[in-house]
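Listed here are the chains, written in short residue letters.
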Amino acid sequence: MSVKIRLMRMGKKKQPTYRVVVADGRSPRDGRYIEILGQYRPREEPTHFAVNDEKVLGWLRQGAQPTDQVHRLLVNSGIWEQYETDRKRESRA
């Protein structure tokens, strides 16, 4: 089973907000999910991106793959860099 960290669309028509969720890769975009990790509101100025860092890092360590958009958001927030440094440290040990 491939587990993905992806966005789940919420909100009214033409006013999207998104939840950052962990879901099975085969489930539909707005379908079943395993866990909610945070939220992303692109319509705010500046955009609002809030996730639970520890949960995201835990899922990444277990092998969950982020989608392209979520990967960009994680890079901009600095969480991806933290994951990379942890991974390099573990590979040396």
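Attention in this report is confined to the structure presented alongside it. (Residues numbered from 1 in each chain as written. Predicted model: local features only at pLDDT ≥ 70, side-chain atom pairs only at ≥ 80, totals over all residues. Heavy atoms only, no water.)

1. Focus on the nonpolar core
For clarity, the threshold we go by: Here, nonpolar core means buried Ala, Val, Leu, Ile, Met, Phe, Trp, Tyr and Cys residues that are tied together by side-chain atoms lying within 4.5 Å of each other. Here's how the labels work: a residue is buried when its accessible area is under 20% of the maximum for its type, exposed when over 50%, partly exposed in between, all with a 1.4 Å probe on protein chains only. Only runs of H or I of at least four residues qualify as helices and only runs of E of at least two qualify as strands under DSSP, and these elements are numbered from the N terminus. Two residues form a contact once any of their heavy atoms are found within 4.5 Å.
Judged by nonpolar contacts, the single largest core of 19 residues is most densely connected at I5, L37, V56, W59, L60 and L74. Residue assignment for this core shows that the elements contributing at least two residues are strand 1 (3-12), strand 2 (15-24), strand 3 (35-41), helix 1 (53-61), helix 2 (68-77) and helix 3 (79-92). With 4 residues, the single largest contributor to this core is helix 1. Sequence-distant contacts of W59, defined by excluding residues within four places in its chain, comprise V3, I5, V22, I34, E35, L37 and A64.

2. A word on the pairing of strand 3
Note the following rule: Strands qualify as paired when DSSP identifies two bridges or more between them.
Sheet topology note: the strand 2/strand 3 ladder contains 5 bridges and is antiparallel. In the strand pairing of strand 3, R19 is matched with Q39. Two strands pair when backbone bridges link them, and strand 3 and strand 4 (residues 48-51) are joined in this way by 4 bridges, in the antiparallel orientation. Across the sheet, the residue bridging to Y40 is F49, located in strand 4. Between strand 3 and strand 4, which pair antiparallel one after the other, the connecting turn spans 6 residues.

3. Details of the sheet that holds strand 2
With mixed pairing, 5 strands are arranged side by side in an open sheet as 4-3-2-1-5. Since the sheet does not close on itself, it has two edges, and those belong to strand 4 and strand 5 (65-66), each with one partner.

4. Overview of the environment of V56
Topologically, V56 is positioned in helix 1. Sequence separation between V56 and G78 is 22 residues, and the spatial gap between their C-alpha atoms is 12 Å. When near neighbours in sequence (up to four residues on either side) are disregarded, V56 contacts L37, V51, L74 and I79.

5. Quick word on the packing of helix 1 against helix 3
In plain terms, the rule: All axes here are fitted lines through C-alpha atoms, helices being fitted over the stretch that makes contact, and every angle between N-to-C directions spans 0 to 180 degrees. Angles below 35 degrees are treated as roughly parallel, those above 145 as roughly antiparallel, those between 65 and 115 as roughly perpendicular, and all remaining angles as oblique. Left-handed describes a crossing in which the near helix is turned anticlockwise from the far one by less than a right angle; the clockwise case is right-handed. For this classification, the nonpolar set comprises Ala, Val, Leu, Ile, Met, Phe, Trp, Tyr, Cys and Pro, the charged set comprises Asp, Glu, Lys and Arg, and every other residue, Gly included, is treated as polar.
Following both chains from N to C, one finds helix 1 and helix 3 inclined at 45 degrees, their axes separated by 10 Å at the closest point. Put simply, helix 1 runs oblique to helix 3. The handedness of the crossing between helix 1 and helix 3 is right-handed. Contacts between helix 1 and helix 3 pair D53, V56, L57, L60 and R61 from the former with I79, W80, Q82, Y83, D86 and E90 from the latter. Residues belonging to the contact of helix 1 with helix 3 are distributed by class as follows: 6 nonpolar, 1 polar and 4 charged.

6. Concerning the side chain of R6
Heads up, the condition is: The charged-residue count follows a simple rule in which Lys and Arg add positive charge and Asp and Glu add negative charge, with His and chain termini not counted at all. By definition here, a salt bridge exists when the distance from a side-chain nitrogen of Lys or Arg to a carboxyl oxygen of Asp or Glu is within 4 Å. Pairs of N or O atoms within 3.5 Å make up the polar contacts considered here, provided that, within protein, one atom can donate a hydrogen while the other can accept it, and that residues adjacent in sequence are counted only when both atoms are side-chain atoms.
Tracing the chain through its elements places R6 in strand 1. No salt bridge is formed by the buried R6, whose closest oppositely charged neighbour, D24, lies at an N-O distance of 7.3 Å. Of note is the side chain of R6, whose polar atom sits 3.5 Å from the backbone oxygen of D24. Those residues within four positions of R6 in sequence are excluded, and the remaining contacts are R19, V20, V21, A23, D24, G25, S27, P28, R29, T67 and V70.

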